[in-house]
Structure formats: structure tokens, C-alpha cells
Amino acid sequence: MFPEIFVVAVGLALAVLLGRLLAGRVGVPEAAAYVVVGIAVGLLPGLPQPRLSPEVVLLVFLPPLVYYAAFFSDPREMMRHLGAVLGQSVGLVLATAAAAAAILHLIFPDIGWAAALAFGAAIAPPDPVAATSVLQRLGVPSRLVTVLEAEGLINDAVALSLFSIAVANIGTTAGVAGLAVHVLVEIGGGIGFGLLVGILIGWLRRRTEDSLSQVVWSLLTPFLAFIPASMAHSSGVLATVTSAVWLGTRKRGMVPPGARLQAETFWRVLNMLLVSVLFVLLGFQVPSIVAGVSHYSGATLALTAGCVIAVVVAVRIAWVLVVPPLTRRLSVRSSAK
């Protein structure tokens, strides 16, 4: 047992270092480089194949990653462009997930709506890191980059909440109306619980003077928000985001400057390690995923993938071309009245 753990740990460390080197040399997003390296390592014969449990992802990786993204965001810029951010991150993600679920359910009607919606939620949010890195090189307006970065935070929360709801209803007889009610309950409960956790942790951190204890409180916060909210059948993702945003807007008066610097350094390192290890482990899973769908013909898989890609791209293009102009027109009419 111990030799296998040692081999997996060394393989992960080498894959992370190789992924960072590859991303720097080729100029691709680090996440893509980690996945490619993970696939290559996973295909090596004789190596142990670690299985990435969904529970490990949801309970170990997800809370601190979501908390980091929300805590170090800029809520003022987000509020300044709130209409564009919500339109892209909530409306577009839900529309994309619904369209992808519909086309998948049309091709494979036996999988049920819950499983189809889980698939749609998994592919609905775009990767903001790759988009912003390309746009910054092209010198696009800073407003567009800000909207994309803020969208990246919220659309992940929306998609993950929708994904967890859909997964929880796989195998049940819940229809579209039942899923919609479940979504509303999870969203409201998650936001309310996250606000409660944020207020409580803020009160405790204002009364904590030790710098290392401040770091421990910050590390505990995402888990205190995510896990109890999930156990109460609310959105742990939205609870974590809400608590992080609440604390992030009050960090200057809550934490001494020295403790804040230590915490920021700790979180940058932790975020890099979690992201790199997670994407390498995702790459490890690709061979087993391919083996799991091997009973379908290559033509069926290619047709399904092509249809889903076409629908997702069409929905995004249609949304960008139709919704923002319509929103501006409605706002102009409303102000004219």
C-alpha cells in the first residue's frame, strides 16, 4: 500500500512540474497543460491508476478553490457591471445547460433528464482564464476583461450548484418542474447560510490577534460554509461564495496588515497546488472514461459530440447577439418613460 502511495505522490509532483514547464514554453493555459500531462502519465504502463472520487473533489478541492476565487475578487467592479455579469454568468449558463441537456436527452432518451442536466451543467461554464489571457494580449478594453473575470466566478458557482442538484436527482422521477423548485431552494438556502457563516467568522477574526490563527480561520471558513450547507440540502458552492465575498469586502478592517499578507501568500500557494493536482488527476481519469463508453460506436460518440458542440456554440452566439441589445433597448425605453 505504502509503495503505491509513494509512486502516486511522486508521479503527481513530477506531472505538476512538467505541466507548469509545458504551459510556460508552449503558451497554453496551465489547466490544459496539466490535463494533457495527466493523460500522458495515466497511459504509462505499470503505474497505479488513482481514482478521483467525486466526494474528494466536492469536499476537499472545491470549497477552498471557490473560496479563493470569491474572496480575492473585486466586488466593486462586479457591481459596476452587474447586468452584463449576471446575464452571462446566470442566464447564459442556464440556457447552455438546458440546450445541451435537451440535445443529449434527444439522442439518448433512456438516460433521464437529471443525468442530461448534469452533463449540461458540466460543460456550460466557459473557462475565463483562457479567454482573459488571450484578450489581454490583444489589448481589448479592460471592461470586457473585468466582465469575463467576474463571470468566471459566478458561472462556476451556478453550474456547480445546478450539477449537484441534477446528480442528487439521478435515478428519481423528478421532472423539470421538480428540478426547478429544487434549484430555488438550494440557491436561497445557500446564500442565506453563507451570509450567516461570513458574519460569524468575521466576528471571530476581529477578535483574533495571532497571525497564524487568522490563516487557520481563513482555511476553515470554506469548509464551515460548504459542508453544513450541503448537508442541509442547500448549495454549498453558493454558501462558500457568499461567505467569501462578505469577508472579502471587509478584510481591511478585519485582519491586521501582516496577517493579511501571510494569508494571501498561503492562499496563492494553496490554490496553485489544488488546481494543478486536480487537473492532473482529471487527466489520469481519461483512459478509464474512454473505456467506460467503449460499448458505444465511434460514429455515435462523434455524432453526439458534434451535436453538443454545435448547440453550445449556437446558444452562446445567439445569446450575445440577441440578449444584450434587447436588454439595452428595454432599459432605454424604461428610462424614457
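Residues numbered from 1 in each chain as written. Predicted model: local features only at pLDDT ≥ 70, side-chain atom pairs only at ≥ 80, totals over all residues. Heavy atoms only, no water.

1. Re the overall build of the chain
Next, step 1: Along the backbone of the chain there are 14 helices and zero strands.
Next, step 2: The buried share of the chain, reckoned over its 337 residues, is 36%.
Next, step 3: Counted over contacts in the chain with a minimum sequence separation of 6, partners at least 24 positions apart contribute 77%.
Next, step 4: Just so you have it, the chain exposes about 18,400 Å², and 72% of that area is on carbon and sulfur atoms. (Helix = DSSP H or I, 4+ residues; strand = E, 2+ residues; numbered from the N terminus. Buried < 20%, exposed > 50% of the residue type's maximum accessible area, 1.4 Å probe, protein only. Contact = heavy atoms within 4.5 Å. Areas by Shrake-Rupley, 256 points an atom, 1.4 Å probe, with all protein chains shown as cover.)

2. Looking at the nonpolar core
Next, step 1: Residues Val237 and Val280 are the most contacted members of the largest nonpolar core, which totals 37 residues.
Next, step 2: Sorting elements by how many residues they give to this core places helix α13 (residues 257-292) first, with eight residues.
Next, step 3: Beyond its immediate sequence surroundings of up to four residues, Val280 is in contact with Leu12, Ala15, Val16, Tyr34 and Gly38.
Next, step 4: The next biggest cluster of nonpolar side chains, apart from the first, holds 15 residues, and it includes Ala97, Ala121, Ala124 and Ala166. (Core = buried A, V, L, I, M, F, W, Y, C linked by side-chain atoms within 4.5 Å.)

3. Describing a nonpolar patch on the surface
Next, step 1: A contiguous nonpolar surface patch, about 620 Å² in accessible area, is contributed by Phe6, Val7, Val10, Leu14, Leu17, Leu44 and Leu47.
Next, step 2: Counting through the fold element by element, Leu47 comes out in the loop between α2 (30-42) and α3 (54-71). (Patch = residues over 30% accessible without salt bridge, like charges linked within 9 Å, V, L, I, M, F, W, Y side chains within 5 Å. Salt bridge = Lys/Arg side-chain N within 4 Å of Asp/Glu carboxyl O.)

4. A word on helix α11 (residues 236-248)
Next, step 1: In this model α11 runs 18 Å from its N-terminal to its C-terminal C-alpha over 13 residues, within 8% of the 18 Å that 1.5 Å per residue would give.
Next, step 2: Within α11 the residues assigned to the buried category are Gly236, Val237, Leu238, Ala239, Thr240, Val241, Thr242, Ser243, Ala244, Leu247 and Gly248. (Expected span 1.5 Å × (residues − 1).)

5. Some thoughts on the side chain of His105
Next, step 1: Relative to the helices and strands, His105 is located in helix α5 (residues 82-107).
Next, step 2: Owing to a relative accessible area of 17%, His105 belongs among the buried residues under this scheme.

6. Concerning the packing of aromatic side chains
Next, step 1: The tally for this structure, following the rule as stated, stands at three aromatic pairs.
Next, step 2: Between Tyr67 and Trp267 the ring centres are 5.2 Å apart and the planes differ by 40 degrees, which places this aromatic pair in the tilted class. A residue pair is termed long-range when its members are at least 10 positions apart, and Tyr67 in helix α3 and Trp267 in helix α13 qualify at 200 residues.
Next, step 3: For Tyr67, a relative accessible area of 1% translates into the label buried.
Next, step 4: An aromatic cluster is defined as three or more aromatic residues linked by ring pairs; in this entry it consists of Tyr67, Phe71, Phe266 and Trp267. (Phe/Tyr/Trp six-rings, centres within 6.5 Å; stacked < 30°, edge-to-face > 60°.)

7. Remarks on the packing of helix α10 (residues 211-231) against α13
Next, step 1: Following both chains from N to C, one finds α10 and α13 inclined at 45 degrees, their axes separated by 9 Å at the closest point. By the angle between their directions, the pair α10 and α13 is classed as oblique. Where α10 crosses over α13, the handedness of that crossing is right-handed. Facing Ser211, Leu212, Gln214, Val215, Ser218, Leu219 and Pro222 of α10, the residues of α13 in contact are Ala259, Gln262, Ala263, Phe266, Trp267 and Leu270.
Next, step 2: In the contact of α10 with α13, the residues fall into nine nonpolar, four polar and no charged. (Axes fitted to C-alpha atoms, helices over the stretch in contact; angles between N-to-C directions. Parallel < 35°, antiparallel > 145°, perpendicular 65-115°, else oblique. Left-handed = near helix turned anticlockwise from the far one by under 90°. Nonpolar A, V, L, I, M, F, W, Y, C, P; charged D, E, K, R; others polar.)

8. Description of the confidence of the model for the chain
Next, step 1: In the predicted model, the chain carries a mean pLDDT of 78, and the fraction of residues at 70 or more is 77%.
Next, step 2: Within the chain, no element has a lower average pLDDT than helix α7 (residues 128-138), which sits at 55, and none a higher one than α10, at 90.
Next, step 3: Ignoring residues within four places in sequence, the model shows residues 332-336, a span with pLDDT below 50, making zero contacts including any to other chains. (pLDDT = per-residue confidence, 0-100.)

9. Remarks on α2
Next, step 1: Between the first and last C-alpha of α2 there are 18 Å, a value that for 13 residues agrees with the 18 Å anticipated at 1.5 Å per step.
Next, step 2: Among the residues of α2, Ala31, Ala33, Tyr34, Val37, Gly38, Val41 and Gly42 are the ones counted as buried. All buried residues of α2 project into a common sector of 160 degrees when viewed along the axis, lining one side. (Arc of directions from axis to C-beta.)

10. Quick look at the environment of Pro50
Next, step 1: Within the fold, Pro50 resides in the loop between α2 and α3.
Next, step 2: As for Pro50 and Glu4, which are separated by 46 residues in sequence, their C-alpha atoms are 9.5 Å apart.
Next, step 3: Beyond its immediate sequence surroundings of up to four residues, Pro50 is in contact with Val8, Leu281, Phe284 and Gln285.

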